[in-house]
Amino acid sequence: MDSVRLGDYNRMTVVKSVDFGMYLDGGDEGEVLLPARYVPEGCKEGDELEVFVYLDNEERLIATTQHPLAKVGDFACLEVSWVNEYGAFLNWGLMKDLFCPFREQKMKMEKGKSYIVHVHLDNDSYRIVASAKVEHYFDMSFPPYSHGEEVDLLVWQKTDLGFKVIIDNMFPGLVYRNQIFKDIHTGDRMKGYIDIVREDGKIDVMLQPTGWRMTKESGDVLLEYLNTHGGVCHLTDKSPAEDIYAQFNISKKNYKKAVGDLYKRRIITIEDDCIRLNKKP
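Residues numbered from 1 in each chain as written. Predicted model: local features only at pLDDT ≥ 70, side-chain atom pairs only at ≥ 80, totals over all residues. Heavy atoms only, no water.

**Overview of the overall build of the protein**
The cut-off we apply is this: Going along the chain from the N terminus, every DSSP run of H or I of four or more residues is numbered as a helix, and every run of E of two or more is numbered as a strand. Radius of gyration means the value over C-alpha atoms here, while the globule rule gives 2.2 Å times the residue count to the 0.38 power. For the exposure calls, accessible area comes from a 1.4 Å probe over protein chains only, and a residue counts as buried if that area is under 20% of its type's maximum, exposed if over 50%, partly exposed in between. In these tables, accessible area is a Shrake-Rupley quantity obtained with a 1.4 Å probe, and a residue counts as shielded only by the protein chains included in the view.
On a plain count of helices and strands, the protein comes out with three helices and 18 strands. The C-alpha radius of gyration computed for the protein amounts to 25 Å, which surpasses the reference 19 Å derived for 281 residues by more than 25%, pointing to a less compact arrangement than a globule. Principal-axis analysis of the C-alpha atoms places the extent of the protein at approximately 75 × 45 × 35 Å. Within the protein, the fraction of its 281 residues that count as buried is 42%. Per element, the accessible surface of the protein, about 16,200 Å² overall, is 48% carbon and sulfur.

Structure representation (structure tokens):
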């Protein structure tokens, strides 16, 4: 291979077996140790492995078959394992914790608490570090999204308007309070849907799809409920919105659309006090 991608996954070939592990071909970086505890059973010289490469306590390249919670270029919610006079050390799923220096903290990090950070290579030291100043690491290009497009979200922080989110590990966005129909918290990962990309590039996000897609998905959920509850649901268009949300995690408006769609398709019958699944002919 030409060069090792530090803080990322690499396909590397086993070149030598030793008592304490195996050495992998690191190309221009030389041989990289895969400690014995991470060597897959039956692995031998010539095998190609996918490994994550980072730096050990002596700043040497080291490989692992473990999967960290984040790699270089990722945003993630990580818990502080310990703090010293230089900064905080975050648990990212590897033997060696991830360092977040004080200068990269918005507030002094505390042991046991979790924070949204960006993982990157420090330009001066070439070490993998974290920064809580995540707004410095967003993609500055104009977002290429269209209305209704499905995206991956990382919940960033709560605001008076709703919740800030990080979209597809690249762009900041906002979910307004009136679009939230379930409990969400900083660090949650979920699917979302683009509402609008404004002229200044700011993005409004929804947690539920719109139009026919929302109706179809809600209808599928209701149909599954009917099939597992004797063909009867006692939630109707007259039921309180909070009862509908508690059962199906959707708004009353979207529930009524789903009911209407199933009714038009003659799958259900709407009675005064319930919705009933029609028997198949």
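Additional details are given in the paragraphs that follow.
**Notes on the sheet that holds strand 16 (residues 232-233)**
Remark on secondary structure: sheet strands pair via backbone hydrogen bonds, oriented parallel or antiparallel. Stated formally: Note on pairing: DSSP must find at least two bridges between two strands before they are called paired. Note on contacts: a residue pair is in contact if any heavy atoms of the two residues lie within 4.5 Å. Axis definition: a line fit to C-alpha positions, over the contact stretch in the case of helices; interaxial angles, taken between N-to-C directions, run 0 to 180 degrees.
With antiparallel pairing, the three strands of this open sheet are ordered in space as 16-18-17. The sheet terminates laterally at strand 16 and strand 17 (268-270), the two strands that pair on one side only. In the packing of helix 3 (residues 252-264) onto the sheet, the strands contacted are strand 16, strand 17 and strand 18 (275-277), and the crossing angle to strand 17 comes to about 120°.

**A word on the pairing of strand 11 (residues 150-158)**
Judged from the five bridges that link them, strand 11 and strand 14 (residues 189-197) form a sheet pairing that is antiparallel. By the bridge assignment, D152 is partnered in strand 14 with K191. Here strand 11 pairs with strand 12 (residues 162-167) via five bridges, running antiparallel. When the sheet's bridge partners are listed, L154 is paired in strand 12 with I166.

**Regarding the pattern of salt bridges**
Quick note on the threshold: Put simply, a salt bridge is a Lys or Arg side-chain nitrogen that is within 4 Å of an Asp or Glu carboxyl oxygen.
All told, the structure shown has 17 salt bridges when counted by the stated rule. For K96, the salt bridge is made with E59, and the minimal N-O distance between the two is 3.6 Å. Of this pair, K96 sits in the loop between strand 7 (87-91) and strand 8 (98-101) while E59 sits in the loop between strand 4 (48-55) and strand 5 (61-64), placing them 37 residues apart in sequence. Accessibility expressed as a relative area gives 34% for E59, which makes it partly exposed.

**Digging into the side chain of D56**
Test applied: Here a polar contact means two N or O atoms within 3.5 Å. Within protein one must be a hydrogen donor candidate and the other an acceptor candidate, and residues neighboring in sequence count only if both atoms are side-chain atoms.
Structurally, D56 is set in the loop between strand 4 and strand 5. D56 sits in the buried class, given a relative accessible area of 14%. In this structure the side chain of D56 is engaged in a polar contact, spanning 2.9 Å, whose partner is the backbone nitrogen of E58. Apart from residues lying up to four places away in sequence, D56 is in contact with I62 and K96.

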